[in-house]
Amino acid sequence: MRLVIIGAGFAGMYAALSAARLRDIQGVSPEELEIALVSPAPTLVVRPRLYEPHPETLTASLLELFHAIDVVYVQGSAETADAGTRTVGIATAEGGRKSLSYDRLVVASGSKLFRPNIPGLAEHGFSVDSLDDAVALDKHLHGLAQRPSSDARNTVVVVGGGFTGIEAATEMPARLRAVLGSDARPRVIIVDRNKVIAPDMGPDSRPVIEDALRQLGVETRLEAGIASLDRSGITLSSGEHIGTETVIWAAGIRAAPLTEQFAAERDNSGRLLVDRDLRVPGVPGVFATGDAARAACDDEGRYALMSCQHATRMGAFAGNNAAAELLGVSTKPYHQKAYVTCLDLGEAGALFTRGWERKVEMVGEVAKKTKQEINTVWIYPPKAERAAALASADPERVTDL
Ligand SMILES: Cc1cc2nc3c(=O)[nH]c(=O)nc-3n(C[C@H](O)[C@H](O)[C@H](O)COP(=O)(O)OP(=O)(O)OC[C@H]3O[C@@H](n4cnc5c(N)ncnc54)[C@H](O)[C@@H]3O)c2cc1C
């Protein structure tokens, strides 16, 4: 029997760990149940940190971990998935093609920044979405020091005032000063379509964010769309032109395109709708998880967000349940009541909230310490020690905050 997992993000990694855990508990050998994980590289890209400096360091190797828990790593990108023949078509890095059959499939292919067809965006827009994007932005920021000083050189425009946009924008003054010198006067502007900044954060926490933006001198342009980008800067739908050499696009993500391979319902973000066990209804043998899935996380009508916090736990449930079906044991319905947010606010500290109402629990330096612990410890893979790694993937305990 073979269980195939597509994706080595937070969801894929925990799907592999929890499937291997259940196989171990049931006393089944890796020969009887093979667990194979397909991804372009055997590394976890620590996406939640990609707004930070030195993005090239923000990956963690998974090969030793997979070896320790008897998970077979298959290098490549899944291009097709045929639910009839239960086969995945894979493109390899060398330009070849191969196929892999499965008895159960876990789709954990994550998400990607959505770049609308705005004139100039493809040529002039940067982002902090993928490792390559973050490295390109970092290189560009370092290159600014060689350019003649001007207002446009010292200005960064961040499009999108949600979590990612705020984290990128509040980090920017310090990153620009590090590149341009401590006497530089960077200007950072967030542009958003909404009436308020961080529309999802709610009234309790928004004043903390607004205060941080004021402290850092980050300006906002609200209720503003983008008309175009060019070499000289960005033009807003209001007609305002902002001279800048750096535009960071952070306005919305979509599920990775692999979800389109399945004849199943998807939401507006391209996520596959799944049942409580994270199965894709109508597609036998297929589970979806993490940012690739839209899953109910309680009985009160709440759905998992595209977040590392949800992806990790959903991954553990999906891997467990796919393995459970093959091992003939009962599945566990996914549930995730606790929800916290921890938003980095650059040199203005951080903001930690609890609950879906996002009640402020910590601000400033205390919250910053928690953010640093989350970003440097909690979200990294477990050590490549078999017993401890498998124990860390009990679905009921993963991200139980
Ligand atoms: C700058 C930034 C800040 C963020 N901050 C936070 C935060 O503070 N808190 C939080 O909870 N979340 C945060 N997030 C969101 C979080 O990173 C994502 O929700 C999380 O990465 C989703 O995990 P995932 O495993 O579903 O997908 P991903 O992490 O996207 O991983 C997907 C994996 O699938 C692979 N893949 C994709 N397509 C294929 C294919 N066809 N074949 C094979 N492999 C494939 C990819 O290579 C990757 O290995 C942030 C994201 C960004 C970009």
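Computed from a predicted model, the values in this text were never measured in an experiment.

Rules behind the numbers
Residues numbered from 1 in each chain as written. Predicted model: local features only at pLDDT ≥ 70, side-chain atom pairs only at ≥ 80, totals over all residues. Heavy atoms only, no water. Salt bridge = Lys/Arg side-chain N within 4 Å of Asp/Glu carboxyl O. Helix = DSSP H or I, 4+ residues; strand = E, 2+ residues; numbered from the N terminus. Buried < 20%, exposed > 50% of the residue type's maximum accessible area, 1.4 Å probe, protein only. Phe/Tyr/Trp six-rings, centres within 6.5 Å; stacked < 30°, edge-to-face > 60°. Near = heavy atom within 4 Å. Nonpolar A, V, L, I, M, F, W, Y, C, P; charged D, E, K, R; others polar. Domains from an automatic or database assignment. Contact = heavy atoms within 4.5 Å. Buried area = accessible area lost by both parts, 1.4 Å probe. Polar contact = N/O pair within 3.5 Å; in protein donor to acceptor, adjacent residues only side chain to side chain. 1 Å grid on protein atoms, 1.4 Å probe; cavity = no way out; pocket = protein on both sides within 12 Å on 5 of 7 lines; lining within 4 Å. Points joined across faces, edges and corners; volume = space filled by probe spheres on them. Pairing = 2+ DSSP bridges.

## Observations concerning the pattern of salt bridges
Overall, the coordinates contain 28 salt bridges when judged by the stated rule. Of the charged contacts in the structure, one is a salt bridge between Lys-368 and Asp-344, with a shortest N-O distance of 2.6 Å. Here Lys-368, found in helix α8 (residues 364-378), pairs with Asp-344, found in strand β23 (residues 340-344); they are 24 residues apart in sequence, far enough to count as distant. For the pair Lys-368 and Asp-344, a shared accessibility class is recorded, and that class is buried.

## Focus: the packing of aromatic side chains
A complete count under the given rule lists two aromatic pairs for this structure. Between Phe-317 and Tyr-334, the aromatic rings sit 5.6 Å apart at their centres with planes inclined by 75°, giving edge-to-face as the arrangement. Here Phe-317 is found in helix α7 (residues 308-327), whereas its partner Tyr-334 is found in the loop between α7 and β23, with 17 residues between them in sequence. Taken together, a centroid distance of 4.5 Å and an interplanar angle of 25° make the contact between Tyr-339 and Trp-356 stacked. With Tyr-339 in the loop between α7 and β23 and Trp-356 in the loop between β24 (350-354) and β25 (359-363), this pair connects stretches of sequence that are 17 residues apart. Looking at Tyr-339, the relative accessible area reads 4%, which means it is buried.

## Details of the site of the ligand
Around the ligand sit 30 residues in total, of which Ala-11, Arg-47, Ala-78, Asp-291 and Cys-308 are the nearest. Within the residue set of the shell around the ligand, elements represented by two or more residues are α1 (10-25), β2 (34-39), β6 (77-82), α5 (163-180) and α7. Ranked by residues supplied to the shell around the ligand, first place goes to α7 with three residues. Looking at the shell around the ligand residue by residue, the class counts come to 13 nonpolar, twelve polar and five charged. The residue makeup of the shell around the ligand includes at least three contributed by each of domain 1 (2-113 + 253-336) and domain 2 (121-249).

## Quick look at the domain arrangement of the chain
One widely used convention gives an interface's size as the accessible area the parts lose upon coming together. What the domain assignment lists for the chain is domain 1 (2-113 + 253-336) and domain 2 (121-249). With centres defined by C-alpha atoms, the gap from domain 1 to domain 2 works out at 33 Å. Contacts between the two partners involve 14 residues from domain 1 and, on the opposite side, 13 residues from domain 2. Together domain 1 and domain 2 conceal approximately 1100 Å² of surface at their shared face, both sides included; 64% is due to carbon and sulfur atoms. Of all residues in domain 1, the largest losses of buried area upon contact with domain 2 belong to Leu-50, Tyr-51 and Leu-113, amounting jointly to 54% of the total for that side. Along the contact surface separating domain 1 from domain 2 lie one salt bridge. Between Arg-47 and Asp-129 there is a salt bridge, with the nearest N and O atoms lying 2.6 Å from each other. Inspection of the region where domain 1 meets domain 2 yields four residue pairs in polar contact (both at pLDDT 80 or more).

## Section: the layout of surface pockets
The volume enclosed by the second largest pocket comes to roughly 170 Å³. Glu-123, His-124, Phe-126, His-140, Arg-147, Asp-230, Arg-231, Gly-233, Thr-244, Glu-245, Thr-246 and Val-247 are the residues that line the second largest pocket. Of all the secondary-structure elements, those providing two or more residues to the lining of the second largest pocket are α3 (121-124) and β18 (246-249).

## Section: the pairing of strand β7 (residues 87-91)
Among the five residues in β7, five count as buried, and that is most of the element. Burial along β7 is two-sided: the face carrying Thr-87, Gly-89 and Ala-91 and the face carrying Val-88 and Ile-90 are both buried. Examined bridge by bridge, β6 and β7 share five bridges and lie antiparallel to one another. Looking across to β7, one finds that Thr-80 is bridged to Gly-89. Both β7 and strand β8 (residues 97-101) contribute to a ladder of five bridges, which runs antiparallel. Across the sheet, Gly-89 pairs through a bridge with Ser-99, a residue of β8. As consecutive antiparallel partners, β7 and β8 are separated by five residues, and within that stretch Gly-95 has a phi angle of approximately 90°, a positive value.

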